[in-house]
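Inside the fold
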Amino acid sequence: MSDELRAKLGRLLKPREAAAAPPPTPRPAVSPPLREQLQRRDARVARQAPSTVAIADSAARSVGPPSGLVACERSGTRARITRLSGGSAHGEWPLASALQSERAALAQAARLDALRELPLEEALYLDTETTGLSGGAGTYVFLVGLARFEGDSFEIWQGFLDSPADEAALLAETARRIRAASCVVSFFGKSFDRHRLEDKMRLFGIEPPFANKPHLDLYWPLRRLHKGRFADCRLRTLERELAGVTREDDLPGSFAPAAWFDYLGQRAHRLEGVFQHNLDDVKSLAVLLHALSRAQQSAG
Amino acid sequence: MGNSSGTGRIGAERAPTEGGERRARSARGVEELVEWLSSDPRWMGRMERWHRIPPRPARTSAFPERLDPRLVELCRSRGIEELYEHQARFVEHALDGEDTLIATPTASGKTLCYTLAVLQRLLETKGSARSLFLFPTKALSQDQTAVLTRAVETLGQEWHAYTYDGDTPPSVRRTLRDRGHLVLTNPWMLHAGILPNHSKWSELFRDLAYIVIDEVHTLSGVFGSSVANVLRRLLRIARHYGSNPRFLLCSATLADPVGHARRLTGRTVRVVSEDGSPSGEKIFGVYNPPILNPVAGLRANALEEARELATTVCGPSHQTIFFCQRRTSVEVLTRYLKESAGQMGLRPEEIKGYRGGYLPNLRREIEQGLRDGSVKVVVSTNALELGIDIGALDVAVLVGYPGSQASFWQRAGRVGRRQKPSLALVIARSDPVDQYLARHPERLFGAAREELGLDPDNLVILSEQLKCAAFELPFRSDEQGQLRDEPEFGSVDAASGVLDYLAEDSRFLHKQSGTWYWMSDAYPAQDVTLGGDDPDNVLILDVETKKAIGEIDRPSSITTVHQGAIYQVQGDTWKVENFDHKNRRAYVRHVESDYFTEAELDVEVRVLRLEERLLREQRAQDALLEDGGEPVLDADLQRGEVHVTSVATLYKKIRFYTRENVGAEDIHLPPEELDSEAFILTLSDETANRLGLASGDRGAAWRGVGAVLRRVAPLVLNCQPKDLGLSTQVRSPHFQRPAIFLYDTVQGGVGLSEVLFRSYRELLRAAHDVVAHCACERGCPACVGPAEEVGMLGKETALAVLTHFVQGGSFAPGELEPER
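Numbering of residues begins from 1 in every chain and follows the order in which that chain's sequence is written. In the order they appear in the text, chains get letters beginning with A and ligands get numbers beginning with 1. Local features in this predicted model are restricted to residues whose pLDDT is 70 or higher, and side-chain atom pairs enter the listing and the counts only when it is 80 or higher, whereas totals over whole chains, interfaces and linings include all residues. The side-chain figures draw on all heavy atoms in the structure; neither hydrogens nor water molecules are used.

1. Quick word on the overall build of chain A
The secondary structure content of chain A amounts to nine helices and nine strands. Taking contacts inside chain A between residues at least 6 apart in sequence as the whole, the part at least 24 apart equals 70%. Per-residue accessibility takes into account occlusion by the displayed protein chains alone, with areas from the Shrake-Rupley method and a 1.4 Å probe. Only carbon and sulfur atoms are counted for the fraction: they give 50% of the accessible area of chain A, which is about 13,300 Å². Helix numbers and strand numbers start at the N terminus; a helix is a DSSP run of H or I with at least 4 residues, a strand a run of E with at least 2. When checking whether two residues touch, look at their non-hydrogen atoms; a contact exists if any pair is within 4.5 Å.

2. Here we look at the overall build of chain B
Scanning chain B from terminus to terminus reveals 28 helices and 33 strands. Each principal axis of the C-alpha atoms in chain B carries an extent, and together these give about 90 × 80 × 55 Å. Burial analysis of chain B (820 residues in total) assigns 59% to the buried set. Relative to all contacts within chain B whose residues are 6 or more apart in sequence, the contacts with residues 24 or more apart total 72%. About 31,800 Å² of surface is accessible on chain B, with carbon and sulfur atoms providing 48% of the total. A 1.4 Å probe rolled over the protein chains alone gives each residue an accessible area, and that area as a share of the maximum for its type sets the label: buried under 20%, exposed over 50%, partly exposed in between.

3. With respect to the pairing of strand S29 (residues 661–666) of chain B
All names here are of chain B. Following DSSP output, two strands are said to pair if at least two bridges run between them. In the sheet, strand S28 (residues 631–655) pairs with S29 via four bridges, with the strands oriented antiparallel. Each residue of the ladder has a partner; that of Leu 650, found in S29, is Asp 666. Where S28 folds back on S29, the antiparallel hairpin that results is connected by five residues, among which Tyr 657 adopts a positive phi of roughly 70 degrees.

4. Comments concerning helix H5 (residues 193–203) of chain A
Of all 11 residues in H5(A), nine are buried; the element is thus mostly enclosed. Among the residues of H5(A), those classed as buried are Asp193(A), Arg194(A), Arg196(A), Leu197(A), Glu198(A), Asp199(A), Lys200(A), Met201(A) and Leu203(A). On the buried face of H5(A), the contacting elements are strand S5 (123–130), strand S6 (141–150), helix H4 (167–180) and strand S9 (215–217) of chain A together with helix H11 (221–240) and helix H19 (459–472) of chain B.

5. Description of the packing of helix H4 (residues 69–77) of chain B against helix H6 (residues 110–124) of chain B
All names here are of chain B. Interhelical geometry of H4 versus H6 gives an angle of 145 degrees and a closest axis separation of 10 Å. With respect to the hand of their crossing, H4 and H6 are arranged in right-handed fashion. Along its contact with H4, which presents Arg 70, Leu 71, Leu 74 and Cys 75, the element H6 presents Leu 112, Leu 116, Leu 119, Gln 120 and Leu 123. All residues other than Ala, Val, Leu, Ile, Met, Phe, Trp, Tyr, Cys, Pro, Asp, Glu, Lys and Arg, Gly among them, are scored as polar; the first ten of these are nonpolar and the last four charged. Classifying every residue of the contact of H4 with H6 gives seven nonpolar, one polar and one charged. Axis angles are defined between N-to-C directions and span 0 to 180 degrees, where every axis is a line fitted to C-alpha atoms and, for a helix, only to the segment in contact. Crossing handedness is defined as follows: a turn of the near helix away from the far one that is anticlockwise and smaller than a right angle gives a left-handed crossing, while the clockwise case is right-handed.

6. What to know about helix H13 (residues 302–313) of chain B
All names here are of chain B. A helix is expected to span 1.5 Å for every residue after the first. Helix length check: H13, at 12 residues, gives a terminal C-alpha distance of 15 Å against a target of 16 Å (1.5 Å per residue), a fit within 8%. The element H13 is largely enclosed, with a buried count of 10 among its 12 residues. Under the rule applied, a polar contact is a pair of N or O atoms within 3.5 Å (in protein, one hydrogen donor and one hydrogen acceptor; residues adjacent in sequence only if both atoms are side-chain atoms). Of the residues flanking the start of H13, the one acting as N-cap is Asn 301, its side-chain oxygen 2.8 Å from the backbone nitrogen of Leu 303.

7. Looking at the state of the cysteines
Note: disulfide means a covalent bond formed between the sulfur atoms of two cysteine side chains. Residue and element names in this part refer to chain B. A pair of cysteine sulfur atoms is labelled a disulfide when the two atoms are within 2.5 Å. Following the criterion strictly, the structure yields zero disulfides over all chains and no others. Cys 250 provides the cysteine sulfur closest to Cys 113, a residue in no disulfide bond, and the two sulfurs are 6.6 Å apart. Just so you know, Cys 314 is unpaired, no disulfide at all, and the nearest cysteine sulfur is the one on Cys 324, 12 Å from it. For Cys 314, a relative accessible area of 1% puts it in the buried group.

8. With respect to the sheet that holds strand S17 (residues 395–399) of chain B
Residue and element names in this part refer to chain B. Pairing in this open sheet of seven strands is mixed, and the strands run S1-S11-S18-S17-S14-S16-S15 from one edge to the other. Each of the sheet's edge strands pairs with one partner strand only, and the pair in question is strand S1 (47–53) and strand S15 (351–354). Shown here is a sheet whose adjacent strand axes are inclined to one another by a mean of 15 degrees, direction ignored. Note that strand S14 (residues 320–323) and strand S16 (residues 377–380) share four bridges and pair parallel. Its bridge partner being in S16, Phe 323 is matched across the sheet by Ser 380.

9. Overview of the pattern of salt bridges
What makes a salt bridge here is a side-chain nitrogen of Lys or Arg within 4 Å of a carboxyl oxygen of Asp or Glu, nothing more. The final tally for this structure, using the stated rule, is 74 salt bridges over all chains. Of the charged contacts, one joins Arg307(B) and Glu304(B) as a salt bridge, the two residues approaching to 3.1 Å between their closest N and O atoms. Taken together, the residues Arg307(B) and Glu304(B), both in helix H13 and three residues apart, mark about one turn of the helix. Judged by relative accessible area, Arg307(B) falls into the partly exposed class, the value being 28%. For the salt bridge of Glu660(B) with Arg655(B), the shortest nitrogen-to-oxygen distance reads 3.4 Å. Since its relative accessible area comes to 42%, Glu660(B) is described here as partly exposed. The exposure class assigned to Arg655(B) is partly exposed, which follows from its relative accessible area of 28%. A cluster of three or more residues bridged by salt bridges with shared partners is formed by Arg236(A), Glu239(A), Arg247(A), Asp250(A) and Asp281(A).

10. Side note on the side chain of Thr218(B)
Residues and elements named next belong to chain B. Its location among the elements puts Thr 218 in the loop between strand S8 (208–213) and H11. Since its relative accessible area comes to 18%, Thr 218 is described here as buried. At a separation of 2.7 Å, a polar atom in the side chain of Thr 218 contacts the main-chain carbonyl oxygen of Glu 215.

11. Section: the environment of Val183(B)
All names here are of chain B. By the secondary structure assignment, Val 183 is in strand S7 (residues 182–185). Of the residues examined, Val 183 reaches a relative accessible area of 1% and is grouped as buried. Remark: the alpha-carbon pair of Val 183 and Val 712, spanning 529 residues in sequence, is separated by 43 Å.

12. Section: the confidence of the model for chain B
Caution applies to low-pLDDT parts of the model: their predicted coordinates are not meant to be read in detail. Residues and elements named next belong to chain B. What pLDDT reports is the predictor's confidence in each residue, on a scale of 0 through 100. In this model, chain B carries an average pLDDT of 86, and 92% of its residues clear a pLDDT of 70 or more. Contacts from residues 1–17, a stretch scored under 50 in pLDDT, to residues over four places away or in other chains number 27 contacts. Across the interfaces of the predicted complex, the ipTM metric reaches 0.84, alongside a pTM of 0.76.

13. Notes on the sheet that holds strand S9 (residues 246–251) of chain B
Residues and elements named next belong to chain B. The sheet built from seven strands is open, its strands ordered S6-S7-S5-S8-S9-S4-S10 with parallel pairing. Each end of this open sheet is capped by a strand with a single partner; those strands are strand S6 (161–163) and strand S10 (270–272). For this sheet, the mean inter-axis angle between neighbouring strands, taken without regard to orientation, is 15 degrees. Both strand S5 (residues 130–134) and S8 contribute to a ladder of five bridges, which runs parallel. Bridging from a neighbouring strand, Ser 131 pairs with Tyr 210 of S8. Against the sheet, helix H12 (residues 257–265) engages strand S4 (100–103), S9 and S10, with an angle of about 130 degrees to S9.

14. Structural notes on unusual backbone geometry
Residues and elements named next belong to chain B. With a phi angle near 45 degrees, Ser 513 is a residue other than glycine that sits in the positive phi range. By the secondary structure assignment, Ser 513 is in the loop between strand S20 (509–512) and strand S21 (515–518). Owing to a relative accessible area of 71%, Ser 513 belongs among the exposed residues under this scheme. In this model, Lys 546 sits at a positive phi of 65 degrees, which is unusual for a non-glycine residue.

15. Focus on the packing of helix H5 (residues 85–95) of chain B against H6(B)
All names here are of chain B. At their nearest, the axes of H5 and H6 sit 9 Å apart, and the two run at 35 degrees to each other. Along this stretch, H5 crosses H6, giving a crossing that reads as right-handed. Contacts between H5 and H6 pair Gln 87, Phe 90, Val 91, Ala 94 and Leu 95 from the former with Leu 112, Cys 113, Tyr 114, Leu 116, Ala 117 and Gln 120 from the latter. Looking at side-chain class alone, the contact of H5 with H6 contains nine nonpolar, two polar and no charged residues.

16. As for the packing of aromatic side chains
Only centres within 6.5 Å qualify two rings of Phe, Tyr or Trp (six-membered ring in Trp) as a pair; their planes then separate them into stacked at under 30 degrees, edge-to-face at over 60, and tilted for everything else. Evaluation of the coordinates by the stated rule reveals 30 aromatic pairs over all chains. Here Trp260(A) and Phe261(A) contribute two aromatic rings whose centre-to-centre distance is 6.3 Å and whose plane-to-plane angle is 45 degrees, an arrangement assigned as tilted. On the basis of relative accessible area, Trp260(A) is assigned to the buried category, the value being 0%. Its relative accessible area of 5% is what places Phe261(A) among the buried residues. Ring-pair connections join several aromatic residues into one group, and the members of that group are Tyr140(A), Phe142(A), Trp260(A) and Phe261(A). For a Lys NZ or an Arg CZ to count as sitting over a ring, it must be within 6 Å of the ring centre and within 35 degrees of the ring normal. Across the ring face of Tyr140(A), the terminal group of Lys200(A) is positioned such that the distance to the ring centre comes to 4.5 Å. Lying over the aromatic face of Phe475(B), Arg236(B) brings its terminal NZ or CZ to 3.6 Å of the ring centre.

17. So, the environment of Arg761(B)
Residues and elements named next belong to chain B. In this structure, Arg 761 sits in helix H26 (residues 760–773). A relative accessible area of 49% means that Arg 761 is categorised as partly exposed. Spatially, the C-alpha atom of Arg 761 lies 13 Å from that of Asp 636, the residues being 125 residues apart in sequence. A distance of 3.3 Å separates polar atoms of two side chains, one belonging to Arg 761 and the other to Tyr 760.

18. Things to note about the pairing of S28(B)
Residue and element names in this part refer to chain B. The element S28 is largely enclosed, with a buried count of 18 among its 25 residues. The pairing of strand S27 (residues 595–619) with S28 spans 23 bridges and is classified as antiparallel. Bridge pairing links Leu 615 to Asp 636 in S28. Alignment of S28 against strand S30 (residues 672–683), held across 12 bridges, turns out to be antiparallel. Each residue of the ladder has a partner; that of His 643, found in S30, is Asp 675.

Okay, structure coming up:
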């Protein structure tokens with residue numbers, strides 16, 4: 001880019017720093033409409049920017065790629081794989097309690113008859129991290145958490161978008177894994193995660209795996225069964241109230257986009273916190289599945 | 001013309017609306033009106049010129065042979081036995097796979113052209129070829145959806161035509177995306193809804209055969225330049241999904257259809273412009289108001305003349321439309337006409353005002369009234385010039401030349417039915433261009449001359465649109481850092497530089513391995529406007545009902561809805577009690593006001609950067625030196641970037657009818673700021689002194705020169721005078737000599753100053769011609785401004801300055817002066 005073009009763009013698009021121009025001008029140098037636009041834009045940029053709110057150690061910044069990433073032989077996708085014992089507790093319940101859920105109760109609660117016949121041990125627990133809530137082609141799904149029970153263990157695969165150039169590979173691998181599962185379990189994923197993935201898959205010509213795949217979205221039935229009991233029906237509230245899950249040092253999801261942007265920009269980033277947050281979300285899906293079964297059974 | 005003398009003044013009492021006047025006038029047709037206007041002593045002297053376009057029979061053509069017999073059958077079932085020539089040619093080109101533009105007047109059957117092409121492709125592909133339609137208004141797309149749906153039903157096909165706009169319920173959007181063969185939308189929805197979510201529309205983009213755009217002559221200025229970029233984005237997305245759609249464009253008659261279409265779409269289109277449809281006789285009249293004050297050369301006020309003329313040209317048996325230049329004029333004239341409805345044999349409710357800023361349901365109601373004939377008179381701004389279906393009316397009165405030939409023909413084209421003659425009258429104002437055209441009316445009826453201003457490469461617009469485009473798909477660069485495989489944006493020199501800027505300076509993008517990726521959690525299309533509907537508009541709220549009664553663009557708000565302003569809707573007056581400038585809300589209360597308000601604006605221009613200069617030198621007037629001395633500056637013309645600050649200073653209260661000034665008050669509002677481009681004229685101090693600019697009237701005469709230049713600019717450039725701002729400085733802080741700035745009122749500029757710079761000869765000559773030939777003695781509103789404003793010697797001095805610019809020798813490219 002020529003210096004001349006940069007200077008011109010700077011004049012037209014960017015509020016001139018008052019400090020940069022020594023003689024104080026009585027009037028703003030950029031027109032209010034443009035300035036307001038820029039401020040609105042900056043407000044959003046500010047949201048991605050590191051907050052001054054104290055974030056505990058586990059969410060501290062690090063430099064370089066997230067630890068423990070392995071490349072998938074088949075697709076080249078990079079992922080972190082965590083294996084937990086099915087007996088390990090998440091809050092007050094072991095993860096494997098999910099497998100003890102009553103399928104009939106789940107089917108009834110979720111109004112999804114297909115669940116009655118499905119092998120629950122082949123269910124896939126899904127939660128993603130994205131660069132924005134508004135959707136659209138420019139929103140990246142940069143972390144896909146998919147978990148399933150393998151024998152005695154709970155295996156969490158966290159596919160990570162190491163570079164925006166690798167999107168298609170991550171999406172294809174994600175689609176393959178979803179296709180292999182008996183059903184998908186998520187929290188608000190029918191309304192959000194699924195659409196972000198489908199939009200991106202269509203963009204790359206990858207057949208989305210969700211059609212005809214039973215999808216149990218815990219949010220709706222839990223909300224229905226517990227309506228009015230808690231302050232709200234967010235995941236954080238329900239996991240605490242229904243499964244005794246308390247998180248320490250949780251990095252709020254709103255920090256996720258900035259963490260990834262910082263990583264790509266080769267700045268210190270909080271991706272470790274994002275991985276942990278996503279891991280905890282996926283684990284909560286397992287214990288909340290059982291909580292749903294219990295709640296439906298006691299509701300009759 | 002019968003017994004009603006046409007003056008409407010017989011009987012001072014209000015005529016009973018269903019009584020004699022209404023009956024008497026119901027027999028009057030256009031022919032009688034013309035005869036009356038050209039023979040009655042009161043009017044005949046004011047009619048400067050009549051021009052008649054004789055009735056024209058249809059030129060028809062058989063259905064193209066390759067047109068599917070089912071479509072021929074469809075036409076026949078609608079009573080269409082053959083096509084007009086232009087329709088047949090359009091269909092042929094479109095079916096040949098060419099990008100095609102039809103540029104013919106309103107009501108020549110343009111809709112059928114693209115309908116046949118689109119349906120033929122659907123039949124040929126057994127329902128797979130899809131089309132996307134863009135209309136400038138929601139109402140138009142809804143009308144067309146109904147038309148297409150009926151056609152598809154008649155063909156017995158299972159295809160679907162849908163309107164996709166802000167009113168489409170979310171529940172049907174999905175069906176529409178997956179199953180809509182014909183999707184009818186508008187540029188805003190395409191920009192903010194469809195393109196950013198293109199993967200949801202992958203079915204449409206995969207099989208996109210045609211992009212149909214109606215009313216492409218409305219796509220100029222900032223809006224058009226933005227839409228041109230939206231189309232670049234559209235083609236880019238279509239290419240991603242493997243389709244290469246063709247454009248089918250419709251337009252009113254254009255000066256340079258090929259050039260306009262190329263700037264808009266980036267493609268070379270086939271143009272069909274010979275209209276084969278029949279038409280009734282069209283009669284045009286140029287009306288010049290009488291000179292009231294021979295010394296001042298002042299003519300009667302055009303709005304007052306329109307009011308008087310209305311008593312003759314309005315009546316219950318035909319529909320009349322008045323076009324005013326300003327919203328305030330619409331309100332004033334509507335009020336006048338409603339008050340004298342009885343004299344025209346009309347009821348007040350048969351007379352309506354119409355302008356932008358009215359809420360949609362009120363507008364729809366008036367449009368319906370025009371179509372079904374219940375509205376007999378409508379007073380409008382250019383809002384009704386656009387492609388809104390109001391049927392064909394009978395008489396059009398243009399209160400003032402609308403500033404461009406295209407607009408003139410659009411407005412005049414609102415009248416004219418197939419079988420009946422129609423009449424269009426232009427009332428010349430005391431305005432340089434109006435009077436110039438009253439002297440040279442052949443210019444009005446000749447071929448279209450002005451081009452539409454469209455600059456898709458305006459840096460502000462381009463960079464905003466590139467943000468949206470990068471959100472939709474990443475951009476790749478080649479080894480030289482230029483865009484790779486991007487036929488649309490790749491042809492723009494600045495594109496890769498802007499992307500770098502967005503990555504390096506604004507951090508919206510992330511560049512990695514030669515690819516620019518969108519890298520922000522924002523949704524850019526939400527914040528990028530197309531210029532047609534600025535979200536920064538000020539909402540006008542009734543303090544009593546808490547309801548919005550209208551809206552207004554921000555730059556105009558400081559002179560229109562400042563505290564104390566009288567805001568008018570449908571002739572009703574509202575007083576602004578409080579203007580919350582920061583939150584863009586004006587709170588108004590309904591009052592019976594006998595005055596309206598006019599605000600004054602103080603403008604300051606600062607030079608940021610000069611880009612080009614033409615100058616003229618002269619030998620220093622130093623008699624002692626034999627060689628006449630070193631050449632020194634005489635005058636120059638420049639263009640460059642400027643920063644403009646506008647402050648509303650005070651407003652005057654002006655009584656209706658008498659225009660008596662009944663008071664003035666200060667306005668306290670923050671200034672409006674603008675970064676733009678200007679065309680600049682300066683004179684050396686020596687020359688200025690010699691021309692008499694140094695005397696007491698110096699500033700006033702210099703301002704007079706600027707005022708004429710600004711007012712005649714529409715003769716060389718398709719723009720409204722409001723598109724150009726004026727600032728004159730007798731001693732410019734930047735140049736240290738007299739300077740005139742004509743600047744583009746759009747942020748970043750859309751190239752107007754560049755056109756002025758290139759056309760300076762014609763511009764200066766027209767200004768000179770206007771001042772030299774004006775009938776006044778010492779200045780008037782039709783040239784440099786009235787003597788009270790420009791001073792006793794103002795006109796003489798201004799004419800000397802213009803004569804010097806025009807006849808003082810040629811200008812040559814010169815070096816820019818060093819920064820001071």
